[in-house]
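Given next are the chains, with one letter for each unit.
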Number of protein chains: 2
Amino acid sequence: MNARLDRPLPAGLDGLLVTPGPDLVYFTGLRPPVTERLTMLVLPARVLVVPALEHPGELPGLEVVPWRDGEDPYAVVAALLEPGGRYAISDSAWAMHVIALQEAAPRTRWTSMTGSLPMLRAVKDAAEVELLAAAGAAADATYEQILSVRFAGRTEVQVAADLARLLREHGHEQVDFTIVAAGPNGADPHHDIGDRVIREGDMVVLDFGGLKDGYGSDTTRTVHVGAPTPYEQRVFDVVRAAQQAAFEAVRPGVAGQEIDRVARDIIEDAGFGEFFIHRTGHGIGLTTHEPPYLVRGEEQPLVPGMCFSIEPGIYLPGRFGVRIEDIVTVTGTGGRRLNTTDHALAVVS
Amino acid sequence: MNARLDRPLPAGLDGLLVTPGPDLVYFTGLRPPVTERLTMLVLPARVLVVPALEHPGELPGLEVVPWRDGEDPYAVVAALLEPGGRYAISDSAWAMHVIALQEAAPRTRWTSMTGSLPMLRAVKDAAEVELLAAAGAAADATYEQILSVRFAGRTEVQVAADLARLLREHGHEQVDFTIVAAGPNGADPHHDIGDRVIREGDMVVLDFGGLKDGYGSDTTRTVHVGAPTPYEQRVFDVVRAAQQAAFEAVRPGVAGQEIDRVARDIIEDAGFGEFFIHRTGHGIGLTTHEPPYLVRGEEQPLVPGMCFSIEPGIYLPGRFGVRIEDIVTVTGTGGRRLNTTDHALAVVS
């Protein structure tokens, strides 16, 4: 971990204020609870301010400073900051902590971690890529098994419970989402689950993932209950082609927005441009949503070790939706899929 | 819900900025995901800014303003704020959103919801108290059943898994914590769980809870594997007496810190003052940790409908810990326990 603590800061930044969540895991491996009691790693001071109740013990290379209920942890942090300094704080740090620190250190300037260091955790090392691959393999095993459960006559909630159970059986310690969006519900990319009974003839979007050994999985396949109509198959094939082309465009040096453009061009050329209503992908690692984002405006070039989703979709209001999503990592020469289940439209019963 | 939207603001506050979490549930009933995409209720403007992907549909009394990936939601919120105005933002709003809003509306002043409106959600209505009572009853049923599982020879992790399973079986949709702290581990109030094998002669602290129908449970009982020693029983009896006395001190008009003092006096008088290392309790409702806090310095008087834990403990480093915790609600004349399982030291096998 010490190499990470020694990382030089970009020009114009005087320090990092790291709170519980993926940034703190990245720097220290610690996973304390996220609460109203301040836990904060201050860099480059290498001081970890923690509630006495959650003292992690000695940590190599860090000074641990505990505080008790009734004491003021913000004064402790403020004393470590330079007047007029500019500090990046973890994106998900709580507002109550940010505001208290701004009051305790009124002359400091503030930026978010993603605003100033968007690629802090974006490039994974080989061990991290293998953890993501293992999480992907567990999600793939879940998909293979979900194909043999009953869909017709059961609710989205019931199939989602099957997905959650399978993810846990395949080693996930945390299930973050189990989207089962049948028929017209599939036209809402973020439809979660409901009491809709799945019917013969439904297109069903399955998007599920979570954390296995601390690293994320996130895969989507769209299945059909019984045989699809030619129109459904045509829409599906457009999404499949878009996903494939975007994958093939991955290589070091290409901008994130270019991957988005490749997928979007295919969907637009097929006449469905207005129905692809989200970005093409997002990074994944210690969280299931993080930089880099594959979105118009993202000019940051891809670098070997970056890991992200490629998930184009078409959403036809009142009818159905299709999305296909794999996690992909950038290699020295191209991309490697961390989800490898078949892309063909699976027919379920 | 509209009565809540109409609540007058305290003097010196120009509005509330409410993000996903308990505050947003309180005002709207909505439970959108907490992500890097801004969702924010602006009061008194009654505008809900949401990602287009998560459009909740029409909401009575609110104007819903969706934004798409690539658009700037902070400018939308900033346009609703008064220059120089003072705004309270949800405690757990993400730092990235706070900082972006401060940049988009540079002349505004900021405070946290708890800093300016600590008792916003502290007084529960009758329906909320009954939801908390139902969550408490589910936790109590879990405790009754855990007494008959095997402790000796199994790990803390295994017993914790039993607790989580039982909480879900009794209707919890979310399990927030399942502390099983055996022997010396019990001396760490926030010890979670580990691979320690529980042994004959261990004191074991069980502290568990989560959400049932959106409202929190949180109860602690300390059990013993086999017969306790006289010294263990004595320490236990001190904690039990402190918890009982603190409960009996609950009535409208008494300050939160007074409940803490009553419990602390008993533990100090018994010679264990230095080993009671945390506050006596915390509020509970849409979260398992919220105001009011029963802690020295809390001068806010108790009001009927407030709900909080009473959980004194004694923690003997290297030896064992004892804690007893019930959720209590303030009635017109005193307190009502929402956990009603026996306080006696249960012997497990």
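Conventions adopted
- Residues numbered from 1 in each chain as written.
- Chains lettered and ligands numbered in written order.
- Predicted model: local features only at pLDDT ≥ 70, side-chain atom pairs only at ≥ 80, totals over all residues.
- Heavy atoms only, no water.
- Domains from an automatic or database assignment.
- Contact = heavy atoms within 4.5 Å.
- Buried area = accessible area lost by both parts, 1.4 Å probe.
- Salt bridge = Lys/Arg side-chain N within 4 Å of Asp/Glu carboxyl O.
- Polar contact = N/O pair within 3.5 Å; in protein donor to acceptor, adjacent residues only side chain to side chain.
- Helix = DSSP H or I, 4+ residues; strand = E, 2+ residues; numbered from the N terminus.
- Nonpolar A, V, L, I, M, F, W, Y, C, P; charged D, E, K, R; others polar.
- Core = buried A, V, L, I, M, F, W, Y, C linked by side-chain atoms within 4.5 Å.
- Buried < 20%, exposed > 50% of the residue type's maximum accessible area, 1.4 Å probe, protein only.
- Pairing = 2+ DSSP bridges.
- Axes fitted to C-alpha atoms, helices over the stretch in contact; angles between N-to-C directions.
- Parallel < 35°, antiparallel > 145°, perpendicular 65-115°, else oblique.
- Left-handed = near helix turned anticlockwise from the far one by under 90°.
- Least-squares fit on C-alpha atoms with pLDDT ≥ 70 in both.

(A) Inspection of the domain arrangement of chain A at higher detail. Residues and elements named next belong to chain A. What the domain assignment lists for chain A is domain 1 (3-116) and domain 2 (126-348). Once you take the C-alpha centre of each, domain 1 and domain 2 turn out to be 35 Å apart. Taken together, the 6 residues of domain 1 in the interface contact 5 residues of domain 2. Regarding the contact of domain 1 and domain 2, the summed buried area is about 400 Å², with carbon and sulfur atoms giving 69% of it. The tally of links between domain 1 and domain 2 comes to 1 salt bridge. Between arginine 4 and glutamate 128 there is a salt bridge whose closest N-O contact spans 3.4 Å. Our enumeration of links across domain 1 and domain 2 arrives at 1 residue pair in polar contact (both at pLDDT 80 or more). Here the side of domain 1 that touches domain 2 takes 3 residues from helix α2 (residues 22-28), the largest share from any one element.

(B) Structural view of the interface of chain A and chain B. Across the contact, 29 residues belong to chain A and 29 residues belong to chain B. Here chain A and chain B share an interface that buries about 2,500 Å² over both sides, 57% of which is from carbon and sulfur atoms. Interface area lost by chain A to chain B is led by Leu53, Ile99 and His190 of chain A, which between them contribute 22%. The interface formed by chain A and chain B holds 2 salt bridges in total. We note a salt bridge from arginine 279 of chain B to glutamate 36 of chain A, for which the minimum N-O separation is 2.9 Å. Here chain A and chain B share 12 residue pairs in polar contact (both at pLDDT 80 or more) between them. Secondary structure elements with two or more residues in the side of chain A that touches chain B: α4 (95-104) and β6 (109-112) of chain A. Tallied by class, the residues present in the side of chain A that touches chain B amount to 12 nonpolar, 8 polar and 9 charged.

(C) Structural detail: the nonpolar core. In terms of nonpolar packing, the biggest core is built from 44 residues, with Leu17, Val77 and Ile89 of chain A together with Leu17, Val77 and Ile89 of chain B touching the most fellow members. Dropping the residues within four chain positions of it, isoleucine 89 of chain B is found in contact with Ala95 and Ile99 of chain A together with Leu17, Met40, Val98, Leu101, Trp110, Thr111, Ser112 and Met113 of chain B.

(D) Summary view of the sheet that holds strand β2 (residues 40-43) of chain A. Taken together, 6 strands build an open sheet; the order of strands is β4-β3-β2-β1-β5-β6 (chain A) and the sheet is mixed. Each edge of the sheet is formed by a strand with only one pairing partner; in this case those strands are β4 (63-67) and β6 of chain A. Neighbour to neighbour, the strand axes of the sheet diverge by 20° on average, direction disregarded. Where strand β3 (residues 47-51) of chain A meets β4 of chain A, 5 bridges bridge the pair, whose relative direction is parallel. Directly across from valine 50 of chain A, in β4 of chain A, lies its bridge partner proline 66 of chain A. The strands touched by helix α4 (residues 95-104) of chain B within the sheet are β5 (86-89) and β6 of chain A, with β6 of chain A carrying the most contacts at an inclination of about 125°.

(E) Structural context of the pattern of salt bridges. Residues and elements named next belong to chain A. Following the criterion strictly, the structure yields 40 salt bridges over all chains and no others. Among the ionic pairs, aspartate 260 bridges to arginine 264, the shortest N-O distance being 2.8 Å. Placement of both aspartate 260 and arginine 264 in helix α9 (residues 256-269) is noted, with a separation of 4 residues, approximately one turn of the helix. Note on accessibility: aspartate 260 and arginine 264 belong to one class, buried. Among the charged side chains, a salt-bridge network with shared partners connects Asp23, Arg121, Lys124 and Glu290.

(F) Representation of the packing of helix α8 (residues 230-248) of chain A against α9 of chain A. Residues and elements named next belong to chain A. Between α8 and α9, whose axes approach to 8 Å, the crossing angle comes to 155°. Comparing their axes, α9 and α8 come out roughly antiparallel. For the crossing formed where α8 meets α9, the hand is right-handed. In contact with Val238, Ala241, Ala242, Ala245 and Ala246 of α8, α9 contributes Ile259, Val262, Ala263, Ile266 and Ile267. When its residues are assigned to classes, the contact of α8 with α9 shows 10 nonpolar, no polar and no charged.

(G) Layout of the relation of the copies chain A and chain B. By a simple turn and slide, chain A fits onto chain B: the slide is 0.1 Å along the axis, the RMSD is 0.1 Å, and the turn is 180°. Expressed as a symmetry operation, the mapping of one chain copy onto the other fits a two-fold axis. Counting the interface residues of chain A, we find that 100% of their copies in chain B are interface residues as well, pointing to one common contact surface.

(H) Region of interest: the sheet that holds strand β1 (residues 15-18) of chain B. Ordered by their spatial adjacency, 6 strands build an open sheet running β4-β3-β2-β1-β5-β6 (chain B), and the pairing between neighbours is mixed. Every interior strand has two partners, whereas the edge strands, β4 (63-67) and β6 (109-112) of chain B, have only one. Neighbouring strand axes in the sheet, compared pairwise and without regard to direction, differ in orientation by 20° on average. Against the sheet, α4 of chain A engages β5 (86-89) and β6 of chain B, with an angle of about 125° to β6 of chain B.

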